[in-house]
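Geometric and topological summary
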Amino acid sequence: MNLPESVGNRIRELRKAKGWTQEQLAEAASLHYSYIGGVERGDRNISLETLEKIIAAFQVPAIEIFRFEDDTNRRKALDEHMTLISDRSTEEITAITKINREVIAVIDMPKQL
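1. Some points on the overall build of the chain
In terms of regular secondary structure, the chain is built from six helices and zero strands. Tracing the chain from N to C terminus, the helices and strands come up as α-α-α-α-α-α. Whereas a compact globule of 113 residues would reach a radius of gyration of roughly 13 Å, the chain reaches 17 Å, over 25% beyond that. For the chain, the spread of C-alpha atoms along the principal axes amounts to about 55 × 30 × 20 Å. A buried classification covers 32% of the 113 residues belonging to the chain. Here the chain displays about 7900 Å² of accessible surface, and carbon together with sulfur accounts for 53% of that area.

Have a look at this one:
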């Protein structure tokens, strides 16, 4: 798979994790929905400016567009978590992170008999 196809697949994954249609992503990024379809299929060699619009629409760090993992279920779960917190304030994200740390600490505790 080439880079445009990999990036296109990743954009599709992030769009679906957000629960958006191609039309909704296109509107959020100020692009045409048919263009989004071409990007997702890897048919379009998009500019950095266009990629920046898509990243801004998702409200995710740019690196997320280039996170290619083979474990699709893991990637979907991480994408869903990221989209749940992406619209939150810094204070809310900090609180969620603290809660996550506490939950993980409990999960990692040895089982008491």
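Text resumes after the structure shown.
2. A look at the confidence of the model for the chain
Averaged over all residues, the pLDDT of the chain is 90; the fraction at 70 or higher stands at 97%. Highest mean pLDDT in the chain belongs to helix 2 (residues 22-29) (97); lowest belongs to helix 5 (residues 72-85) (84).

3. Some words on the pattern of salt bridges
Using the criterion set out here, one finds 10 salt bridges in the structure. Of the charged contacts, one joins arginine 10 and aspartate 79 as a salt bridge, the two residues approaching to 2.7 Å between their closest N and O atoms. Of the two residues, arginine 10 is situated in helix 1 (residues 3-18) and aspartate 79 in helix 5; the sequence distance between them amounts to 69 residues. Taking the shortest distance from any N to any O, the salt bridge between aspartate 43 and arginine 41 comes out at 2.9 Å. The same class applies to aspartate 43 and to arginine 41, which are both exposed.

4. Considerations on the packing of aromatic side chains
The tally for this structure, following the rule as stated, stands at one aromatic pair. For the pair tryptophan 20 and phenylalanine 58, a centre-to-centre distance of 6.0 Å together with 20 degrees between the ring planes defines the contact as stacked. Of this pair, tryptophan 20 sits in the loop between helix 1 and helix 2 while phenylalanine 58 is found in helix 4 (residues 48-58), placing the two residues 38 residues apart along the sequence. Take tryptophan 20 and phenylalanine 58: they sit in the same class, and that class is buried.

5. Quick look at the nonpolar core
Buried together is how nonpolar side chains tend to be arranged in soluble globular proteins. Ranked by internal contacts, the top residues of the largest apolar core, which has 20 residues, are Ile11, Leu25, Leu51, Ile54, Phe58 and Ile65. Sort the elements by how many residues they give to this core and helix 4 lands first, with five residues.

6. Here we look at the layout of surface pockets
Considered as a void within the structure, the largest pocket measures approximately 170 Å³ in volume. Within the residue set of the lining of the largest pocket, elements represented by two or more residues are helix 1 and helix 4. A per-element tally of the lining of the largest pocket places helix 1 first, with four residues. Looking at the lining of the largest pocket, its residues break down into eight nonpolar, three polar and one charged.

7. Let's talk about the packing of helix 2 against helix 4
Working note: a packed helix pair is described by the angle between its axes plus the distance between those axes. Running from amino to carboxyl end, helix 2 crosses helix 4 at an angle of 105 degrees, the nearest separation of the two axes being 8 Å. As summarised for this structure, helix 2 and helix 4 are arranged roughly perpendicular, according to the angle between their axes. Here Leu25, Ala28 and Ala29 of helix 2 come into contact with helix 4, specifically with Lys53, Ile54, Ala57 and Phe58.

The rules behind these values
Residues numbered from 1 in each chain as written. Predicted model: local features only at pLDDT ≥ 70, side-chain atom pairs only at ≥ 80, totals over all residues. Heavy atoms only, no water. Helix = DSSP H or I, 4+ residues; strand = E, 2+ residues; numbered from the N terminus. Rg over C-alpha atoms; globule rule 2.2 N^0.38 Å. Buried < 20%, exposed > 50% of the residue type's maximum accessible area, 1.4 Å probe, protein only. Areas by Shrake-Rupley, 256 points an atom, 1.4 Å probe, with all protein chains shown as cover. pLDDT = per-residue confidence, 0-100. Salt bridge = Lys/Arg side-chain N within 4 Å of Asp/Glu carboxyl O. Phe/Tyr/Trp six-rings, centres within 6.5 Å; stacked < 30°, edge-to-face > 60°. Core = buried A, V, L, I, M, F, W, Y, C linked by side-chain atoms within 4.5 Å. 1 Å grid on protein atoms, 1.4 Å probe; cavity = no way out; pocket = protein on both sides within 12 Å on 5 of 7 lines; lining within 4 Å. Points joined across faces, edges and corners; volume = space filled by probe spheres on them. Nonpolar A, V, L, I, M, F, W, Y, C, P; charged D, E, K, R; others polar. Axes fitted to C-alpha atoms, helices over the stretch in contact; angles between N-to-C directions. Parallel < 35°, antiparallel > 145°, perpendicular 65-115°, else oblique. Contact = heavy atoms within 4.5 Å.

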